[in-house]
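What follows is the residue order along each chain.
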Amino acid sequence: MKKLSIFLVFCFLLMLVGDAFALGSRHSKRRSRHKTSRVVKKRHARSRKAARFRLVSREVPDTCSVLCEDTCSHIHGIDMSHYQGNVFWETIGDNTSMAYVYLKATEGGDRVDQKFEQNIVMAHIHGLKVGSYHFYRAKTEQRKQLENFVSQCIPEEQDLIPMIDIETTSGLPTDEFCDSLFTFLDLVEEAYHQKPLLYTFRNFYNRHLLGKLDGYKLMIAMYTPEEPVLADERDITMWQYTGKGRLTGVSGFVDKSRFMGNHSLREIRFIH
């Protein structure tokens, strides 16, 4: 009888220990789930915070993209290339502040902008005055560059005179660079029977082209609130005033330009 009593007491103690272990295990699991829940909630909160930050970032206006066309009466336009990707030309065409567009056609001796053909068709359909430009590479043979440009810049498709984009000497000394450039400009004039519009940055002009471009119309790039003034004080036809412009219909940045002073669109019309 005594042995039976001891055995029953022993079984009762085992039951108590088992219940305590089970309770502790459930409590541990609840703590684990609660901890995991806190981590998930914390991550979710960070994710929502990041999402809100991204949304706010997109809504904050770019201080570099001052909408000059909204505050003045100058004639404005843009230049476009494959860097802008797919654009909604119908929306750009509806923007009455944008009167013209220069499209990148070619670069060097063999590069053709992959969006040029589509862009020039769509720009015409939606009513913009269109011109084409070539990015000049001073070390590439000039006739090869001309052939590349002429293959894309077809006179019948042009409303505006050709534009030559001059941004680099390709490592040549200034004298050699200018010899190369002027050989090419003469070839362009011979091919199109009119002098091209020349695009360059103010500092590049002052360093390499000062006093050497008489007779050419200039588009000068300078991204400041003040209008550009060249060191030789020569006349500037157009000013590209931002490289970070915004335009409905384009997802990225757009280069925007305008005519200076009393200059007008008819001065750069293509003579057919």
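Whatever comes next refers back to the structure up there.
Overview of the structure. (Residues numbered from 1 in each chain as written. Predicted model: local features only at pLDDT ≥ 70, side-chain atom pairs only at ≥ 80, totals over all residues. Heavy atoms only, no water.)

Some details on the overall build of the protein
Phase 1 of the analysis: Secondary structure assignment for the protein yields six helices and nine strands.
Phase 2 of the analysis: Every one of the 272 residues in the protein was classed for burial, and the buried ones make up 40%.
Phase 3 of the analysis: A total accessible area of about 16,200 Å² is found for the protein, and carbon and sulfur atoms account for 56% of it. (Helix = DSSP H or I, 4+ residues; strand = E, 2+ residues; numbered from the N terminus. Buried < 20%, exposed > 50% of the residue type's maximum accessible area, 1.4 Å probe, protein only. Areas by Shrake-Rupley, 256 points an atom, 1.4 Å probe, with all protein chains shown as cover.)

Some thoughts on the nonpolar core
Where a protein is soluble and globular, its nonpolar side chains tend to be buried together.
Phase 1 of the analysis: Core analysis: the biggest nonpolar cluster contains 48 residues, and Met80, Trp89, Ile92, Val101, Ile164, Phe177 and Leu209 have the highest contact counts within it.
Phase 2 of the analysis: For this core, the element with the highest residue contribution is helix H5 (residues 174-192), accounting for eight residues.
Phase 3 of the analysis: Discounting residues that sit within four places of it in the chain, Ile92 has contacts with Ile78, Met80, Val87, Leu128, Leu247, Thr248 and Val250.
Phase 4 of the analysis: By size, the runner-up hydrophobic cluster in this structure holds 14 residues, among which are Leu160, Met219, Met238 and Ile268. (Core = buried A, V, L, I, M, F, W, Y, C linked by side-chain atoms within 4.5 Å. Contact = heavy atoms within 4.5 Å.)

Observations regarding the side chain of Ser180
Phase 1 of the analysis: Topologically, Ser180 is positioned in helix H5.
Phase 2 of the analysis: What makes Ser180 buried here is its relative accessible area of 7%.

Let's talk about the packing of H5 against helix H6 (residues 202-209)
Phase 1 of the analysis: Viewed as axis vectors pointing N to C, H5 and H6 meet at an angle of 105°, and their least axial separation amounts to 10 Å. Between H5 and H6, the interaxial angle falls into the category roughly perpendicular. Listed contacts from H6 to Thr174, Phe177, Cys178 and Leu181 of H5 are Phe204, Arg207, His208 and Leu209.
Phase 2 of the analysis: Of the residues contributing to the contact of H5 with H6, the split by class is five nonpolar, two polar and one charged. (Axes fitted to C-alpha atoms, helices over the stretch in contact; angles between N-to-C directions. Parallel < 35°, antiparallel > 145°, perpendicular 65-115°, else oblique. Nonpolar A, V, L, I, M, F, W, Y, C, P; charged D, E, K, R; others polar.)

Some remarks on the environment of Ala221
Phase 1 of the analysis: Relative to the helices and strands, Ala221 is located in strand S7 (residues 218-221).
Phase 2 of the analysis: For Ala221, a relative accessible area of 2% puts it in the buried group.
Phase 3 of the analysis: Ala221 sits 36 residues away from Ser257 along the chain, and the two C-alpha atoms are 8.3 Å apart.
Phase 4 of the analysis: Not counting residues within four places of it along the chain, the set of residues in contact with Ala221 comprises Tyr199, Thr200, Phe201, Arg202 and Gln240.

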